[in-house]
Amino acid sequence: MSDDGRVPAIHERRARVADLIGDRPLSARSVLATALLGADQPQLPVGELVMMASLFGISDGAARTCLWRMVSNGELASVDGMYTLAGNLTERRERVDEASRVGDHSARPWDGTWELAIVSLERRSAADRLSLRKAATALHLAEMREGVWLRPDNLDPARLPRSRAVLDQQCVHFHRAATDIAAGTVRSLFNADDWARDARRLTEAMRDELGTEADDADDFAHQFALSVAVVRHLQLDPMLPDVLLPRDWPGAAMRDTYRKFDDTFKRRLSATFR
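Residues numbered from 1 in each chain as written. Predicted model: local features only at pLDDT ≥ 70, side-chain atom pairs only at ≥ 80, totals over all residues. Heavy atoms only, no water.

- Going by the annotation in an unreviewed UniProt entry, the name recorded for the protein is Transcriptional regulator, with Mycobacterium pinniadriaticum given as the source organism.

Structure, rendered in structure tokens:
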């Protein structure tokens, strides 16, 4: 602690974002999937996955059993001791890549056109409704009212084809110019102000960890959990055109900090455990 006492202890700093990280124990499946989703390449050897699981008190046997089940369920593929994402997890990987690495470059110049997806099916099951909500959220659409989803048409229409197919199955699409939607209304629809507030908190937490050496499994477990929370939050970035955002929008700063944090975490992990 500094002489003036202003630098809080590490546990106090980490407590500041405890509500964003959560205290629910991560399951073996969650840890293993997250490790693969965040890896530089979407494949890892079994030993590295087992080691990552051990940070969260998951035994060697439990981790290997979970890997076997994920392969059986079509979520992973295994060849010569290497595990690779498969099935629905491949699109989740696309979302993670967009959110954490290339999200800043996914936008196109915006000409004022909006994309609208309006539910056209008269009857839908609860599963259909949930599927649509997940797909629309993945594609960064906001629900204006029941059955009406929209966003500025500034993103690549070919991205996340599985999610796009769900929208195509349940909705009709329109593209139209709209000049009567105020920036404040847009930020409210996309929950942008709350997103920005939490983004700043998570960015500060990552910067704190960059200045803190990871000495034991608890440190690595916290930093892994922080990484999960950051990527989850980045996936909820509305990715609105600059003209609809305040000047101090924290999206780019959060991504830049995450890249440094992720590189540092992996380097520390490699030096300590491998």
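Overview of a negative patch on the surface
In step 1: On the surface, Glu213, Asp215, Asp216 and Asp218 cluster together to form a negatively charged patch.
In step 2: With respect to the element layout, aspartate 218 can be found in helix H11 (residues 217-234).
In step 3: You can call aspartate 218 exposed: its relative accessible area is 59%. (Patch = residues over 30% accessible without salt bridge, like charges linked within 9 Å, V, L, I, M, F, W, Y side chains within 5 Å. Areas by Shrake-Rupley, 256 points an atom, 1.4 Å probe, with all protein chains shown as cover. Salt bridge = Lys/Arg side-chain N within 4 Å of Asp/Glu carboxyl O. Lys, Arg positive; Asp, Glu negative; His and termini not counted. Charge placed at Lys NZ, Arg CZ, Asp CG, Glu CD. Helix = DSSP H or I, 4+ residues; strand = E, 2+ residues; numbered from the N terminus. Buried < 20%, exposed > 50% of the residue type's maximum accessible area, 1.4 Å probe, protein only.)

Side note on the sheet that holds strand E1 (residues 43-45)
In step 1: Pairing within the open sheet is antiparallel, and its three strands lie in the order E1-E3-E2. Strands with a single pairing partner mark the edges of an open sheet, and in this sheet they are E1 and strand E2 (76-79). For this sheet the average axis-to-axis angle between neighbouring strands, irrespective of direction, equals 25 degrees.
In step 2: Taken together, the four bridges between E2 and strand E3 (residues 82-85) define a ladder with antiparallel strand orientation. Counted as the bridge partner of valine 79 is methionine 82 from E3.
In step 3: Its contacts with the sheet put helix H5 (residues 60-72) on E2 and E3, and the angle it makes with E2 is roughly 110 degrees. (Pairing = 2+ DSSP bridges. Axes fitted to C-alpha atoms, helices over the stretch in contact; angles between N-to-C directions. Contact = heavy atoms within 4.5 Å.)

Re helix H7 (residues 126-138)
In step 1: For H7, built from 13 residues, the straight-helix expectation of 18 Å at 1.5 Å per residue is met to within 8% by its first-to-last C-alpha distance of 18 Å.
In step 2: When H7 is considered as a whole, its buried residues turn out to be Leu132, Ala135, Ala136 and Ala138. Projection of H7 onto a plane perpendicular to its axis shows the buried side chains occupying an angular sector of 155 degrees, all on one side. Turned more than 90 degrees from where H7 packs its buried face, Ala126, Ala127 and Lys134 sit exposed.
In step 3: Trailing H7 by a residue or two, histidine 140 shows a phi angle of about 65 degrees, which is positive. (Expected span 1.5 Å × (residues − 1). Arc of directions from axis to C-beta.)

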